[in-house]
Structures are given as structure tokens and as C-alpha cells.
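Listed here are the chains, written in short residue letters.
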Amino acid sequence: MKSKFLVGLLTATMVIGCMTGCGSSTESSTAKTSTVAEKDTTATTAVEAGNESTSMEAAADATSAESTGSNSVETKPYKLAVGLPDSGATMFSLMSNNIKTFVNATGGEVVFQGGVGASADATIQFVEDQIAAGANGIIISPPSDSVIPTVDSLCSDAGVYWGITFRTVKDDAVKELLNSSKYYIGNCSEDEYSAGYKVMSNLHDKGVTKVAIISQAKGNTTTDLREAGANKACQDFGMEIVAEARSLTQASDATSAAESFLTAYSDLDAIFVVGTTGTGMHEAIAKAIEDAGRQNDVKLATIDFPDSMVSLFESGDLVTCAGLASWGYDPFMITVTLANQCMGCPISNTPVSYSCNMFDINDLDTAKAWVSRFGNDQTLYYDKDTMVKTYCKANNSGLTADSMQKAITDFTENSLSK
Amino acid sequence: MKNSIIKIMELLILPVGLFIFFSLIAGGFGLHSLPIILSQSMLPVVIGLGLCVLMNAGLMDFSMGARSVFGATIGGVFSQGYGVVGLLLGCFLGAMFAAVIMAVIYRLFRIPAMVISIGILLVYEVLAAKLVGSSGYIRIDKSLFVIGSYPYNVIITLAAGVLFYVLSYRMRIGCYITAVGNDEKMCKNVGINADKVKFVAIILTGVFCSFSSLLMLCYSGSVTASTDMGTMNLVFKPIMCVILARHLRKYVDCMPFLILIGGLCITIIFNGFIALGFGEALQDIILGLFMIGVLGSTALSEQLQRWKRHKQIA
Amino acid sequence: MEPNRQNTIKLQTIFPFLGLIAVIMFFQVVTHGSVFTIRNIKAVLNESFFILIATVGFSFVMAEGNLDLSMGTVMAVSCVCAALGARITPLLAIPCAVIPGLLLGWFNGFVHVNLKLGSLIATMSTQSIFTGILILTLNGGTISAPMEMLRWNSMTLKIVTMLLITLIGFYVYQNTAFGKRCRAVGACAEAAKQTGINVGRIKKSSFVILGGLCGLLGFFSLIRTGTASSSTGSDLMMNVWCAALLGGLPLTGGFASKYRSVIVGSFTMAFLANGMTLMGLATYDKQLIKGVVFLITIALSFDRENMVVIK
């Protein structure tokens, strides 16, 4: 009897709870109206709710209908979901701080989630969850091209815009699908293959012939491309990759791997960290090299500038590294594009494709210049005022895909000049 | 005594045999690899010693990796202010704190240790990540690296092994732990407070975790605060070492030595394959086959004898 | 004394249900009704689909007091085989997924039973072997499914499959001799053997069932994501373990293993993960809350009365 009463009570509670929960409308959070002021130096923005069509064409019409002399433009509130971690390494924090600054300043909110690109299942689950959570825009770094049709289908059904970071699409059928997609806003990528090639080429210039690599598990698109570039360089320059270690998560694993390489190959010339999710790996490898007494013989190279780059150059362990001006700049720019789309002021009517150039650092002074600029996770790529005025289409009608690409190129070229 | 020595020599055939095998087939593998093999075996051996205490009590624990990382993080934080004293104190306090919490939860909640270890692992990973800050790792001063380098790491592991031996074979608590692991109900009937014994066993793992925290931090000079159950990978190698050791216990009952044998075998295999230039895929396959081969050898030989007998009768 | 003991047992029995209801109610209120939207229910069903089906198979293994670490890898290998089969014809994908799953499950059972290795170390070793085979087969890349197969990824198919497998699993577990034998083996293998139960065959059969279901999940992963890679199913093992434990399945197996734990645990895991995402919690906070909720829920729902010894 008691159990039946309890079951009945619980069921009633659940039903009442559902009705209570369902009674609150999600639309009420967007009912506030506010404007983005062009000359507002505090860069505090609020957004007017609107019922404009979410199609790219209608948004473009809305943009073109703006009065050019107006100081305030109406944009929509929005919520973004970025499938990248926001902590665990300085570069993650730097990226998330910049994206949060821009999004918050333009009346939106953003959530981050790590581990999304680790597998296709995780990517799809992330997209489904974020659509259900009310995201207006989603950024992912898909593990392969074949997951993209499913993502596009989910987003299109839900009317959610989405974009790709750190990847380019290679499959022709998928490219065709994306070109005809109403909700795909574009991608930002870098030439990982060339980065891998460039680093190996730099090592060759320093007399390296035998290299051991530390990388991610096979199937990781980024490191696979970098390794492909490295392998090509090996073919071109007569170098050899003699050993590998993958999926290292702890610094002690990196030390063990480096020790094993050094012991097994007395003629080893370099250890190349192609890619790793763990932090502190480079110092651990440098320690292993120094403990083996081979710091004059064995060089360290890497892609993605490590936090300890300056000390590693100072000690002479690190000889070359390639990377982006800032790792987080790629997702930042694609998020800006997505945010504008969600605000109702699309930058482009067709999917964009930005390219971020990687560059290499081969000496201590350049490393110091880079670290002074991007070694702090509180650094902003642009001050808040610039972000709102320049990178918000509502305030800058001249913002186009070409101007965004130019900004990316300028950022890379000027990244060491501050 | 003579029998024990003979049995120890027989046991040494396994790592020595593997070593000779790889020395013959892999060019970069030889006597010069010994210090590295010893060094790399130390961390899994120390964690294995802690696991063995729990497994002797019939418990299982996946959180030793997370607790070691947590202890190492505290040690790293303390070392920045108080040097080597801070390092040692931090590692000890961090690891013991983690063990005490786990023991208290086990005693209070009365749920299986494996279950608690999964929950504890999730919590401690996050705590360590929050402590290290945005960089994701914590470093120690170069002057402290020597503690984790050869031969000091071997000395530390030896100390842990002696401690384990004394605890398990020379003290009453070790006897009680083994008894509780074999038949807890009987122990309760003869008046042993099994719950208290298991509580103490979990606390004792904290001591070994403090050793492993120290080794982990000083060996590489830094510790990475991984999340998403990444620290569980730290426990699989030691589990293999302990299970190998338990399988070999029929030859000689000295678990620290047997765990070392297990650790050496696994490390020799890994280094041998690196020397051969084999990829990760082959390493995984061979390691799995090795474990099945060694642990299943008894059953395999029994089956073979049964088949021979059957054939003879036929 | 007797009525109080009965009430206590009943409260313990419904704690997992209470936990599930509490999780749903909490997130429903905190997210202002976002839990019970069509889209969110679909997301939850998609997440719980994989966990539930794998937990159905795992319940047979766990009822015997065994564990399986190789579930995710079996799913990945099956997914790869399905993708390779689909290249010939998409209809081959299902048998190409399920048959390898069954075979790998049988191999797990063989290593555990015939080679007399504990289930933990047996499946740890086989996981290592399967991972190596997977990497060799994929040769560093991924395999895509034909685009037309993505159309098979429908909610109707998943719901029907989920219901069918859950109901068949329930029937086999509760009402057939096989299900009772699994639990008898978990309660006391020696006693089960003395009563004439072929313990080895029962154990192998349960691993085969789990392998087959993981194989089927490999197929569903392929049609959902369009990709077979080495990272397929990487989270499956821990999610299934957590689901089984959250639902109240005891590690030692035996007759305290109730089938309802499968359903309650799977949905609790799915709603918990989903709810935290709806709230927009940071990754660290999600993991912290998951750990704490995991401990508290099991502490409240663990059946101590039927356990002679708690290990």
C-alpha cells in the first residue's frame, strides 16, 4: 500500500514538475530589446529580439537595409557552442577568453566542450545536445569528412548555423553538399601538411637524418596530415623516421618514450613532437635528452608553440617549431563569422573558407617576441572596442569574407611586431 | 633456502630471457638499455605495490593513478614555496589525504571499493586540474629532478619494496589483510575486524601513492593534470604487473620481487619494440598475447596434457 | 521487526528510480523546461541507445560476477568490419558487424574460461589485441560508410531496436533458464557446477551475447556517424560500467542483480550528461558533479542486505 502511494506521489510530482518546467518559455530570455551602439566604448551590448527569417538571404537584406548614418543597429541575441576545450592549456584559455569577450560584447553567450573531436560519436552527440540546449550556432572540428553530412543534416533540420575550425573538407561529395547547405557558414583551416614538411625541412638544414616522432593516435586528422608532410620531407631529403610513440597523456610518458628512443637509437638526431594533448611534454623530453647527455646531438622540434618555448630555446634543446600566430585565432575568426550570422548580419552569403598561415620560429629572440605577445592567456587579439566596431557586421558594413581573410593574414604577419 | 634461490633464478629467466631475445634481434637494444629499463619500471612497480596491498585485501582500485597525480600536484605546488621539503611533504600529504578520503567513504558508505575508486577518480582529476591552473601542468625546479633520476628512483622503489615486505610479511596487519582477502567471513568469525583491516589497507595505499607521486613528478620534472578518466591508463600497467606477480607466486612468495619481475618484463617488451621500430599496433597485440600466454600457460599446458592423454587412449 | 525490514528493502529497491526521477526533475526545473522538448528527448534517446543496449549485454556478464573492458574495442572492430562490408553492398553491413562481435565475444569467453584468466585481466589483454588489430586494419585512417546508409539512421529504427532488445533481454534474463543460470553462477559458481550447470558454457555464452550486441552497436555507430575509426566506442566501456553501477547492478553478480538496473542506470547516465550540457556547465564542473552524483547515488541505492561481504 505504502509503495503504491509512493509511486503515485512520485508520478504526480513528475507531472507537475513537467508542467512547471514546460510553462516557462525559452522565448522570454530573448524578449529584451537593446542595441549595438557604434560609438559605445564600454562595448556593453544588448540585443533586440526579432522575428526575422534566419535564412542567409533575409539576413543579408536586413543588413543592406541599415541606415549607414545610424549609430545603433538591431541584432539578435544568440547562443554559440564551440566543440573545443576552454581550459587545460594556455592556448585553450587564450582562445576561450577571446571568443567569450567577443560574444559577450555582442550580446551572445558561448559554451565550450572538450573531447568533441576525439571521435565521430562524440561530435554527433555534441551537436545533438547543443541543438537541444538551444544553440543558434555550433563550431566543431570534425574527426573526418564522413561525419559532416550527419552534422549538416542535424543542423539544417534544427535551423542552426554551424562551421568548421582547424579542418578543411577534402571529400568532393561532402564539399558539394556543403556548398548547397543553407546553414553551413564555412571553415577556417591551416596547412598542417606544409607545417610538417617545413619542420622536417628545417631539421634537415640542421643536419638531422634520423628522427623519432611523438604524435596522436592514428586517425587524428591534424597529426595524420602533419605526419604525411613529415614523411614527404623524409622522402625528399633522405631522412628517416625510426620510432614513434602515440597518445601520451602524462609528462612521465613523454620522458619514458624519449629515453627509449635515445637508448635504442644511438644515432638519433631529433625528436619531433608532431602533436599531443598532454601539456608539459616538451620539458619532459628535454629533460630526458639532458639526462642522457645528448643535448648537443639530439634536437627537439615541435608543431604548436609550447608554453616553455623560451626556456627550451635558451637551453638549446628546441631548435625549430611551427605554429599559428595564436592557436586560438582560427576558431576565433570562424566564431566571429558564425556570430554575425546568428546576429542576423551575415558576413557572406556563401560558405567562407579562411586560411591561417603557420610560420616557424627558429631562434630565441623570435620566441621571446611571440611569448611576450601570446604567452599570457589573458591577452586579447583585439581590444573589446575593436572587436565590436570592426568585427561586427552590424557596425561595419565593409566586413566581408575577403576583409576577414586579410585580417587573418595581417594578424599572422604582425603577430611578432608588438 | 637453497630451493628459494633456485626458484628465484628460475623466475629471473623470464625477464632475462626477454632481454636476451630482444638484444639478439634488435640492434639498439642491449646492456646499455638496462638503466632505462630499470628507471621506467619503477613507477609501475611502486603503483603496483600499492595496488597489491588492496588486491591482497580482495579490493580493486582504479584511482591510484588519479591519487598519484593529485599528490604530485600538491607536491609541485608546495615545492615552489618550500623546495625539497615542500616537495616531499606535499606529495605525502596529498596522497595520504586522497587515501584517507577514500577510506572514509568506503567505511561510511559501505559500497565496493572499485565503485568508490571510479567516483574518486573523477573528482580528483578535476581537483588536480583546478590546482595546476590554465597551463594544465605543474613543473618543479631543475634541482629536484635528481630525485626521480637513475639510480635514486631505484633506491626509492627499493625503499617502497622493503616497506611493502615488512608490512605484508612481518607485521600483523599484513597477515590480517591477506586473511581478509582470502575469506572475510571466516576472519569475522575468528574476531578480526575486517572493516577496520580494509580501512587500514586503503590508508596504506596512500603511502605507496606518495612514493609514486614523488617519482612521477621528479622523473619528468612536471606532472600533467589529465581529465576525462585519462589517469586510468596509469593503472593498467601496474595491474598487469600485479596479476603477473600473483601468477608467479607459486614459485616464490615475495610479492615486491615478483611485481618487479612483472614490471621489468612489460618494460622490456615496450623498449624492445621501440628498438625494433614496431608501431603501436604491433606493440599492443604482442603485449596482449604475452599476458595471455604467460597467465594462461598453466591452463594451456593442462589442456595439452589432457589432449595427449586422450590421444593415447584413442 | 519484519514489516520494517520489508519497508527498508522496498525503499532500497526504489532508490535508483528515485535517483532517475530526481535527476530529471532537477534539470527540468533548472533549465526551465528544456529537458522535455522533442529535440532534447531525441538527443537523450540517441545517447542512451548505445549505453542501454550495451548494458543489456553487460548485465549477463555482470550477473556472473565478471567484467569486460573490451566492449568499446569490440564495437570499433565491428564498425570497421561493417564499413568494409558496406563497400560491397550496404546490406552486408549488419552481418559484417554482428558476426565479428560474436566472434570477439567468444574469444573473450575462451580466454576467461579455457585459459582460466580473471575476466578483468582477460578482457584487458584482449582489448590490447583488438586495438592492435583495429589500428592495423585502418592503417592510420578512417573508413567511411556509403552516403545512402546515413538515411537508415532514423529514430524509429532506434526506438524499435531499443525496445526489442530490452524486452528480449528482460525475457531471457528473468524468465529463461539461461538467465537464472547466469545469476546462479554469479551467486556461487561451485554450487552451480555441482547442480549440473555447465559454468564454462554459460560464461562463454554471456560474453558472446555482449560481443554480438556491441557488434550491433558498431553498425548503428556507422550509420549514425558515417565513419569507422579507432576512436569509435572509446567512451562505451566507462559509460556502461557507470550505468550498470548507477542502476544498482552488484559487481559480484548473483541473484541481487536486477534487470531494471539496466534501464534505470542507462537513462540516469544519459539524463545526467544531457542535463549538465543543457545547463551549460564547464567540462570540469560536469566531471566533478558526475563523480559526486555517482558516489551518492550508489551509496543510497546499494543493496547491502543481500551482500554477505562487501568488496
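The rules behind each value
- Residues numbered from 1 in each chain as written.
- Chains lettered and ligands numbered in written order.
- Predicted model: local features only at pLDDT ≥ 70, side-chain atom pairs only at ≥ 80, totals over all residues.
- Helix = DSSP H or I, 4+ residues; strand = E, 2+ residues; numbered from the N terminus.
- Buried ≥ 20, exposed ≤ 12 C-beta atoms within 10 Å, placed from the backbone.
- Contact = placed C-beta atoms within 7 Å.
- Nonpolar A, V, L, I, M, F, W, Y, C, P; charged D, E, K, R; others polar.
- Pairing = 2+ DSSP bridges.
- Axes fitted to C-alpha atoms, helices over the stretch in contact; angles between N-to-C directions.
- Core = buried A, V, L, I, M, F, W, Y, C linked by C-beta atoms within 7 Å.
- Parallel < 35°, antiparallel > 145°, perpendicular 65-115°, else oblique.
- Left-handed = near helix turned anticlockwise from the far one by under 90°.
- Domains from an automatic or database assignment.
- pLDDT = per-residue confidence, 0-100.
- Right-handed = clockwise from strand over helix to strand, strands pointing away.
- Expected span 1.5 Å × (residues − 1).
- Bend = angle between axes of the 7 residues up to and from the residue.

> How would you explain the overall build of chain B if you had to name every residue and give the values?
In terms of helices and strands, chain B carries 12 helices and two strands. When the helices and strands of chain B are listed from N to C terminus, the series reads α-α-α-α-β-α-α-α-α-β-α-α-α-α. Going through the 314 residues of chain B one by one, you find that 54% of them count as buried. Put simply, 79% of the contacts in chain B that link residues at least 6 apart link residues at least 24 apart.

> Can you break down the overall build of chain A residue by residue, with the values?
Check the secondary structure of chain A and you find 15 helices and 14 strands. In chain A, 77% of the contacts between residues at least 6 apart in sequence involve partners at least 24 apart.

> Mind laying out the interface of chain A and chain C, listing which residues take part and the relevant values?
Taken together, the contact pairs 43 residues of chain A with 44 residues of chain C. When contributions to the side of chain A that touches chain C are tallied by element, the ones reaching two or more residues are helix 1 (2-23), helix 4 (120-132) and helix 5 (148-158) of chain A. Counting residues per element, the side of chain A that touches chain C draws most heavily on helix 1 of chain A, which supplies 11 residues. Its residues assigned to classes, the side of chain A that touches chain C comprises 18 nonpolar, 18 polar and seven charged.

> Please give an account of the sheet that holds strand 6 (residues 161-165) of chain A that cites residues and values.
Residues and elements named next belong to chain A. Pairing within the open sheet is parallel, and its six strands lie in the order 4-3-5-6-7-13. If you trace the sheet from one side to the other, it starts and ends with strand 4 (108-112) and strand 13 (352-356), each paired once. Shown here is a sheet whose adjacent strand axes are inclined to one another by a mean of 15°, direction ignored. Here strand 3 (residues 78-82) pairs with strand 4 via five bridges, running parallel. When the bridges of strand 4 are listed, Leu80 appears paired with Val110.

> Tell me what's going on with the nonpolar core, and back it up with residues and numbers.
Core analysis: the biggest nonpolar cluster contains 333 residues, and Leu80(A), Phe261(A), Ile271(A), Ile285(A), Ala54(C) and Ala82(C) have the highest contact counts within it. Here this core gets 17 residues from one element, more than from any other, and that element is helix 3 (residues 64-109) of chain B. Apart from the residues lying within four places of it in its own chain, the contact partners of Phe261(A) are Ala212(A), Ala243(A), Leu268(A), Ile271(A) and Ile274(B).

> Give me the sheet that holds strand 14 (residues 358-361) of chain A: which residues, what numbers.
Residues and elements named next belong to chain A. The sheet built from six strands is open, its strands ordered 9-8-10-11-12-14 with mixed pairing. Looking at strand neighbours, the two that pair on one side only are strand 9 (240-246) and strand 14, the edges of this open sheet. Strand-to-strand twist in this sheet, taken as the mean axis angle between neighbours without regard to direction, amounts to 15°. For strand 10 (residues 270-273) and strand 11 (residues 299-303), the ladder comprises four bridges, and the chain directions are parallel. Residue pairing across strands places Phe272 opposite Ala301, the latter belonging to strand 11.

> How would you summarise the interface of chain C and chain B if you had to cite specific residues and measurements?
Tallying the contact residues gives 36 residues for chain C and 40 residues for chain B. At 11 residues, the largest contribution of residues to the side of chain C that touches chain B is made by helix 5 (residues 119-138) of chain C. The residue inventory of the side of chain C that touches chain B, partitioned by class, reads 24 nonpolar, eight polar and four charged.

> Can you explain the pairing of strand 13 of chain A? Please cite residues and give values.
Each regular strand carries side chains that alternate between the two faces of the sheet. Residue and element names in this part refer to chain A. Residues Val352, Tyr354 and Cys356 line the buried face of strand 13, whereas the alternating positions Ser353 and Ser355 sit on a face that is not buried. Direction of pairing for strand 7 (residues 184-190) relative to strand 13: parallel, over a ladder of five bridges. Its bridge partner being in strand 13, Ser189 is matched across the sheet by Ser355.

> Hey, could you go over the packing of helix 10 (residues 255-276) of chain B against helix 11 (residues 280-295) of chain B for me, with residue numbers and the actual values?
Residue and element names in this part refer to chain B. Across the interface, helix 10 lies against helix 11 with an axial gap of 10 Å and an inter-helix angle of 150°. Here helix 11 runs roughly antiparallel to helix 10, going by the angle between their axes. As helix 10 packs across helix 11, the resulting crossing turns out to be right-handed. Contacts between helix 10 and helix 11 involve Ile269, Phe270 and Phe273 from the first element and Leu282, Gln283, Ile286, Leu287 and Phe290 from the second.

> Account for unusual backbone geometry, with residues named and values stated.
Tyr150(B) connects to Pro151(B) through a cis peptide bond whose omega is 5°. Looking at the secondary structure, you find Pro151(B) in the loop between strand 1 (137-139) and helix 5 (152-170). You will see that Phe166(A), though not glycine, has its phi angle at about 60°, which is positive. Along the chain, Phe166(A) falls in the loop between strand 6 and helix 6 (172-179).

> Could you give an account of the domain arrangement of chain A, naming the residues involved and the relevant values?
All names here are of chain A. Partitioning chain A into domains gives domain 1 (57-190 + 327-414) and domain 2 (193-323). One C-alpha centre belongs to domain 1, the other to domain 2, and the line joining them spans 30 Å. Listed as interface residues are 19 residues of domain 1 and, on the opposing side, 19 residues of domain 2. Listed by contribution, the elements that provide at least two residues to the side of domain 1 that touches domain 2 are strand 14 and helix 13 (364-374). With five residues, the single largest contributor to the side of domain 1 that touches domain 2 is helix 13. Here the residues of the side of domain 1 that touches domain 2 sort into 11 nonpolar, four polar and four charged.

> Any details on the environment of Asp253(B)? Residues and values, ideally.
As for its position among the elements, Asp253(B) is in the loop between helix 9 (233-248) and helix 10. Separated by 245 residues in sequence, Asp253(B) and Ile8(B) have C-alpha atoms that sit 9.9 Å apart.

> Just give me the short version of the confidence of the model for chain A, but keep the residues and values in it.
Residue and element names in this part refer to chain A. A residue-level look at chain A finds 82% of positions with pLDDT of 70 or above and a mean pLDDT of 83. Averaged pLDDT values for the elements of chain A fall to 36 in strand 1 (residues 36-37) and rise to 97 in strand 5 (residues 137-140). Low confidence marks residues 21-72, where pLDDT is under 50. Its contacts with residues over four positions away, or in another chain, come to 88 contacts.

> So what's going on with the packing of helix 5 of chain A against helix 6 of chain A? Which residues, and what values?
Residue and element names in this part refer to chain A. Packing of helix 5 against helix 6 leaves a shortest axis separation of 10 Å and a crossing angle of 15°. The angle between the axes of helix 5 and helix 6 places the two elements in the roughly parallel class. Between helix 5 and helix 6 the crossing geometry is left-handed. Contacts between helix 5 and helix 6 involve Ile148, Pro149 and Asp152 from the former and Val174, Leu177 and Leu178 from the latter. When the residues that make up the contact of helix 5 with helix 6 are grouped by side-chain class, the tally is five nonpolar, no polar and one charged.

> Break down the pairing of strand 8 (residues 210-215) of chain A for me, citing the residues and quoting the values.
All names here are of chain A. Judged by how many residues are buried, strand 8 sits mostly within the fold: five of six residues are covered. Judged from the six bridges that link them, strand 8 and strand 9 form a sheet pairing that is parallel. Across the sheet, the residue bridging to Ser215 is Arg246, located in strand 9. The parallel pair strand 8 and strand 9 is bridged by helix 8 (residues 221-237), and the resulting crossover is right-handed. Alignment of strand 8 against strand 10, held across four bridges, turns out to be parallel. When the sheet's bridge partners are listed, Val211 is paired in strand 10 with Ala270.

> Quick rundown of helix 11 (residues 260-279) of chain C? Include the residues and the values.
All names here are of chain C. For helix 11, built from 20 residues, the straight-helix expectation of 28 Å at 1.5 Å per residue is met to within 8% by its first-to-last C-alpha distance of 28 Å. The buried count for helix 11 comes to 18 of 20 residues, which makes it a mostly enclosed element. Taken from the residues just after helix 11, Gly280 is the one with a positive phi, measuring 75°.

> Talk me through helix 2 (residues 34-56) of chain B; I want residue IDs and the actual numbers.
Residues and elements named next belong to chain B. Taking 1.5 Å per residue, 23 residues should reach 33 Å; helix 2 reaches 30 Å between its end C-alpha atoms and fits that length. Of all the bends in helix 2, the greatest reaches close to 35° and is centred on Met42; the proline Pro44 follows between one and four positions later. A large share of helix 2 lies buried, amounting to 20 of its 23 residues. In the stretch just after helix 2, Gly58 is the one whose phi turns positive, near 85°.

> Quick one: what's the story with the environment of Ala401(A), residue by residue and with numbers?
Residue and element names in this part refer to chain A. Note that Ala401 resides in helix 15 (residues 401-414). Overall, Ala401 belongs to the partly exposed group, with 18 C-beta atoms counted inside 10 Å. For the pair formed by Ala401 and Gln125, sequence separation is 276 residues and the distance between their alpha carbons is 30 Å. Setting aside residues up to four positions removed in sequence, Ala401 forms contacts with Ile347, Ser348 and Val352.

> Give a description of the environment of Cys79(C) that names residues and reports values.
All names here are of chain C. Inspection of the secondary structure assignment puts Cys79 in helix 3 (residues 71-88). Of the residues examined, Cys79 has 35 C-beta atoms within 10 Å and is grouped as buried. For the pair Cys79 and Val185, spaced 106 residues apart in the sequence, the C-alpha separation amounts to 32 Å. Discounting chain neighbours no more than four positions away, the residues touching Cys79 are Ala97, Gly218, Ser221, Leu222, Ala228 and Thr232.

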